[in-house]
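# Chain and residue survey
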Amino acid sequence: MTLSRRDFVKHCAASAAFASLPIGLSGCGNDATGSAEGVPLDPTLTWDKAPCRFCGTGCGVMVGVKNGKIAAVAGDELNPVNKGLLCIKGYSLPGILYGEDRLTKPQIRGNGGMKEASWDDALDLIAGKYTEALTTHGPRSVAMYGSGQWTVSDGYAALKWFKGCMGSNNVEANARLCMASAVTGFITTFGADEPMGCYDDFEKADAFVLWGNNMAEMHPVLFSRILERRRTASWVQIVDLATRRTPTTEWADMHLSMEPQSDLAIANAIARIIVNTGRYDKKFINEHTVFRSGKENIGYGLEDNFKFKDAPQAMTFAQYKNYVQKYTPDYVEKISGIPAGKIRQLAEVYADKFTKVVSLWCMGMNQHSRGTWINNLVYNLHLLTGKICKPGNNPLSLTGQPSACGTVREVGTLAHRLPADKVVMNPAHRQNAADIWGVPVTNIDPKPGYNTVEMFRAFDRGDIKVLWTQTTNPMVSMPNLIRYREGAQKDGRFLVVSEVYPTPTSEVADVILPSAMWVEREGMFGNTERRTQQWFQMVNPPGDAKPDVWQTLEVAKRMGYGEFFNYGEDTYEKELFEEYRRFTLGTGHDLGAYEEYVEARGKRWPVINGRETPYRYTSRYDPYVSKGQEIEFYSNKKTGGRAVIWARPYEPAAETPDKEYPFWLCTGRVLEHWHTGSMTRRVPHLHRAVPEAYVEMNVKDAAERGVQNGEKVAVKSRRGSIELKVVLDGRGKPRRGSVFVPFFDEGKLINEVTLDSYCPISKEPDYKKCAVTIEKLHAS
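Residues numbered from 1 in each chain as written. Predicted model: local features only at pLDDT ≥ 70, side-chain atom pairs only at ≥ 80, totals over all residues. Heavy atoms only, no water.

### Examining the overall build of the protein
A count of helices and strands for the protein gives 27 helices and 32 strands. A compact globule built from 780 residues should have a C-alpha radius of gyration of about 28 Å, and the protein, at 25 Å, falls within 12% of that. Per-residue burial over the protein gives 67% buried out of 780 residues. Considering only intrachain contacts with a sequence separation of at least 6, the fraction spanning at least 24 residues in the protein is 73%. In the form shown here, the protein has an accessible surface area of approximately 26,000 Å², with 48% of it arising from carbon and sulfur atoms. Measuring between centres, the 96 positive side-chain charges of the protein sit 5 Å from its 91 negative side-chain charges. (Helix = DSSP H or I, 4+ residues; strand = E, 2+ residues; numbered from the N terminus. Rg over C-alpha atoms; globule rule 2.2 N^0.38 Å. Buried < 20%, exposed > 50% of the residue type's maximum accessible area, 1.4 Å probe, protein only. Contact = heavy atoms within 4.5 Å. Areas by Shrake-Rupley, 256 points an atom, 1.4 Å probe, with all protein chains shown as cover. Lys, Arg positive; Asp, Glu negative; His and termini not counted. Charge placed at Lys NZ, Arg CZ, Asp CG, Glu CD.)

### Quick notes on the packing of aromatic side chains
Here a ring pair, both rings aromatic, is described through the centre-centre distance and the interplanar angle of the planes. Going through the model one piece at a time under the given rule, you end up with 33 aromatic pairs. Ring geometry for F186 against Y379: centres 5.3 Å apart, planes inclined by 35°, an arrangement best described as tilted. Here Y379 lies in helix α16 (residues 371-385) and F186 lies in helix α6 (residues 180-190), a separation of 193 residues in the sequence. F186 gets classed as buried once you look at its relative accessible area, which sits at 1%. (Phe/Tyr/Trp six-rings, centres within 6.5 Å; stacked < 30°, edge-to-face > 60°.)

### Some details on the pattern of salt bridges
Opposite charge on two side chains lets them pair, provided their charged atoms get close. All told, the structure shown has 54 salt bridges when counted by the stated rule. With a closest N to O distance of 2.9 Å, R457 and E454 form a salt bridge. With R457 and E454 both in helix α19 (residues 452-461) and three residues apart, the pair spans about one turn of that helix. Both residues of the pair, R457 and E454, belong to the buried class. E655 is paired through a salt bridge with R718; the nearest N and O atoms lie 3.5 Å apart. Placement of E655 in the loop between β25 (643-647) and β26 (663-668) and of R718 in the loop between β28 (712-716) and β29 (721-728) is noted, with a sequence separation of 63 residues between them. Through salt bridges that share partners, D304, E454, R457, D460, R461, D463, R483, K490 and D756 make up one connected network. (Salt bridge = Lys/Arg side-chain N within 4 Å of Asp/Glu carboxyl O.)

### Let's talk about empty space enclosed by the protein
With the rule as written, the count across this model stands at eight cavities of 30 Å³ or more. One number sums up the size of the second largest cavity: a volume of about 80 Å³. The wall of the second largest cavity is formed by C52, F54, C55, T57, C59, L86, C87, G90, P220 and V221. Looking at the lining of the second largest cavity residue by residue, the classes come out as eight nonpolar, two polar and no charged. (1 Å grid on protein atoms, 1.4 Å probe; cavity = no way out; pocket = protein on both sides within 12 Å on 5 of 7 lines; lining within 4 Å. Points joined across faces, edges and corners; volume = space filled by probe spheres on them. Nonpolar A, V, L, I, M, F, W, Y, C, P; charged D, E, K, R; others polar.)

### Here we look at the packing of helix α13 (residues 329-336) against helix α14 (residues 340-351)
One way to put it is that α13 packs onto α14 with a least axis distance of 8 Å and a crossing angle of 110°. The orientation of α13 relative to α14 falls into the category roughly perpendicular. In the crossing of α13 with α14, the sense of the turn from one axis to the other is right-handed. Of the residues in α14, those in contact with P329, D330, V332, E333 and S336 of α13 are A340, I343 and R344. Classifying every residue of the contact of α13 with α14 by side-chain character gives four nonpolar, one polar and three charged. (Axes fitted to C-alpha atoms, helices over the stretch in contact; angles between N-to-C directions. Parallel < 35°, antiparallel > 145°, perpendicular 65-115°, else oblique. Left-handed = near helix turned anticlockwise from the far one by under 90°.)

### Section: the packing of helix α4 (residues 119-137) against helix α23 (residues 548-561)
At a closest axis distance of 9 Å, the pairing of α4 and α23 adopts a crossing angle of 55°. Taken together, the axes of α4 and α23 lie oblique to each other. Considering how the two elements wind past one another, α4 and α23 form a crossing that is right-handed. Along the contact surface, α4 presents W119, D120, L123, D124, I126, A127, Y130, T131 and L134, while α23 presents W550, Q551, E554, V555, R558, M559 and Y561. Here the residues of the contact of α4 with α23 are counted per class, giving 10 nonpolar, two polar and four charged.

### Thoughts on α14
Helix length check: α14, at 12 residues, gives a terminal C-alpha distance of 16 Å against a target of 16 Å (1.5 Å per residue), a fit within 8%. All buried positions along α14 are accounted for by A340, I343, L346, A347, V349, Y350 and A351. (Expected span 1.5 Å × (residues − 1).)

### Considering the confidence of the model for the protein
Here the protein averages 95 in pLDDT, and 95% of its residues register 70 or above. Per-residue pLDDT stays below 50 along residues 17-36; that stretch engages in 55 contacts with residues further than four places along the chain or on separate chains. (pLDDT = per-residue confidence, 0-100.)

### A closer look at the sheet that holds strand β23 (residues 531-535)
Neighbouring strands of a sheet are bound in pairs by backbone hydrogen bonds; such pairs are parallel or else antiparallel. Within the open sheet, the three strands sit side by side as β22-β23-β24. Their pairing is antiparallel. This sheet does not close on itself; its edge strands, each paired only once, are β22 (523-526) and β24 (603-604). Pairing analysis gives two bridges linking β23 to β24, with the strands arranged antiparallel. When the bridges of β24 are listed, R531 appears paired with R604. (Pairing = 2+ DSSP bridges.)

### Quick notes on the environment of E775
Its place among the elements puts E775 in strand β32 (residues 770-776). Its relative accessible area of 33% is what places E775 among the partly exposed residues. Here the alpha-carbon distance between E775 and D48, two residues 727 residues apart in the chain, equals 52 Å. Contacts of E775, omitting those with residues within four sequence positions, involve V713, A714 and K716.

### Considerations on the nonpolar core
One finds F190, W211, Y320 and F633 to be the most contacted residues of the largest nonpolar core, which totals 90 residues. When residues in this core are grouped by element, the largest group, 10 residues, is from helix α10 (residues 263-276). In this view, F633 contacts F190, F284, H288, L383, I388, C389, Y617, G641, R642 and A643; residues no more than four positions away in its chain are not counted. V142, Y156, Y561 and L576 belong to the second-largest nonpolar core, a separate cluster that totals 58 residues. (Core = buried A, V, L, I, M, F, W, Y, C linked by side-chain atoms within 4.5 Å.)

### Some thoughts on the environment of I335
Of note, I335 is situated in helix α13. Residue I335 is classed as buried on the basis of its relative accessible area of 17%. Taking the C-alpha atoms as reference points, I335 and Q261, 74 residues apart in sequence, are found 9.0 Å from one another. Discounting residues that sit within four places of it in the chain, I335 has contacts with E259, S262, A265 and Y650.

### Considering the side chain of N375
Its location among the elements puts N375 in helix α16. The class for N375 is buried, based on a relative accessible area of 0%. A polar atom in the side chain of N375 sits 3.1 Å from the side chain of N366. The contacts of N375, once residues within four sequence positions are left out, are S181, A182, G185, W361, M365 and N366. (Polar contact = N/O pair within 3.5 Å; in protein donor to acceptor, adjacent residues only side chain to side chain.)

### Re the side chain of T528
Locating T528 in the fold gives a position in the loop between β22 and β23. Residue classification places T528 among the buried positions, given a relative accessible area of 0%. For T528, the side chain forms a polar contact with the side chain of T399, separated by 2.4 Å. In this structure, T528 is in contact with G56, T57, E194, P195, Y199, L396, S397, L398, T399 and C405, ignoring residues within four places of it in sequence.

### Re α23
Within an α-helix, residues lying three or four positions from one another point in the same direction, as the helix has 3.6 residues per turn. With 10 of 14 residues buried, α23 lies mostly within the body of the structure. By the burial criterion, the buried members of α23 are D548, V549, Q551, T552, L553, E554, V555, A556, M559 and Y561.

So this is what it looks like as structure tokens:
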């Protein structure tokens, strides 16, 4: 099919059963409306800009306010990310604020359950619990768990309070569950996190290879830019490499249906073809790369307190070439199920020196028991061919939350990190943080805290006594969920939940704090392409709801840390950002002054003298590249500014189908709902479109089990079981031997079934692969 960008987004809406809600023309729920591309904004409303609240694309939104409420939204035509378009969730943004059950008052659990309380009582109780745990059990007994929905100031305040004041590195975020493998992939290959390319590549590439990435549903606005590129350049091709057919497959020129986990072998097969046919870029390799191997058979993180440390070893190009020889197309066909000829065809896309290639991925590669490895292996394909750091020639890891990059990765709200790619293990980095924060350097523990999975294991065991979650819903999103939900309810645990709506996480909380959301407060997000965007508060939050950053600052002050958080009541957002910015200057992660973001539709770092950097590591754009160098991976100090080409093997998943549990289970999202659905399920037309979770089965698998479309089955694993309706020949169509279940439905918790294995390097869980059986349920 060939459609314009705008028509593609309308097509998505029609396929999502929104015929009565044409995109950009009518209601977004709760009497709010959207505005079509090119249609003038209603002059009776007060308009201002903000980034979208949903995925990591970073679409610009114009927000129209009337009588103190959001009355309309429109795509921001001046924002270079989306150029006036929004997806159906973006057009539905007003509805997420106005659900009938918004939390508006603090609540404290007592003998009779949850009771409304004053802010003073709630904050004093939280401060007291943290102080008690610190005094009695030490810094490792307290924790905070945020998300990629944290604003920059939310994350920075939490980081400073925990690591600078309390001496605890137990700060994590749910981006560990979705982006950590991208982080470790970037750092192990290039020495620094985040991409060298940007969205400008969508208008310049000749081929787009999607590695397990359903962009048509998950990043529809960006996918519309790819379709527009192909519409205006007939030679452009889209390759869909996936374990199930999806709406993305409809638009692909080539679809390769692969067995789960086999992407490791496929990438090595492509590399083998490149080196064996001599179509590698010898000059680029000699000047800009080194070769390394690491440990193999590295485990799956299934044991509590799992430990792993890689041990890189130098190797030569000849040794690397010999390493990949086993991955012949015929051998990889047996692993992947993809015909050898198709593997060779895909290899041609990378090997042809005249074809500009952008590789794209998201959860399919990151939520992977070898997530770091597969990131490394895709980078290999670009490094071997020199197709990197050039417009239209780049790998690009997409993100699923609005500030997974800007807050979690850049601010450093993970157990081992500090801002701007600094880490707690490095003495110079600790000293830098101590100087900026004005705390003794001894306050900052050199030992990393618990990663997310280990954090919830520690909470279950009782090693962590107090845990505070903000902007996330772990009692829906954690894998192997039954263990962690039961653990949170054990005696001796104290759980604080900052939320906007009741969720399964708030159900087990000891204190619930009502939070302001999106344009009910001021904030900043950072998106996939290193673009930082700012917005101002436009409407008041309901009742007594307060911003998450305000909550954190208040508890820190009540614990006696007020001298480190002495910001103005009306200026703390700017002051926190300017303090955080000091970490970035002179590092290659430089951020501009706060006022620059007030005026701009975002800027891509590094920002030097007011000028953004669209492409990193190339002298044409990046001021950090040394004079006389065309390309320099300057953050990789250990390799002399060279990127690493890694020898990484194919290894099986932690759990594979067998006679008792013969199906692969893959989990993920749908177009209409976002993550655990706590916001989107409260938007009427989104909920009507997809009101409940379901299980997609292959038609032949269903026939063998006597299951018909719409019938109920039990999806069972070694950990749990849930009942779901079967969907056959729906939007997604799994391979034989595989099933797919979305995880947005808190009434049907698929994560009671999933496995909490994780990549030993990134510590990111594998939500895409565990073994289940399907049992038909007979009507009683």
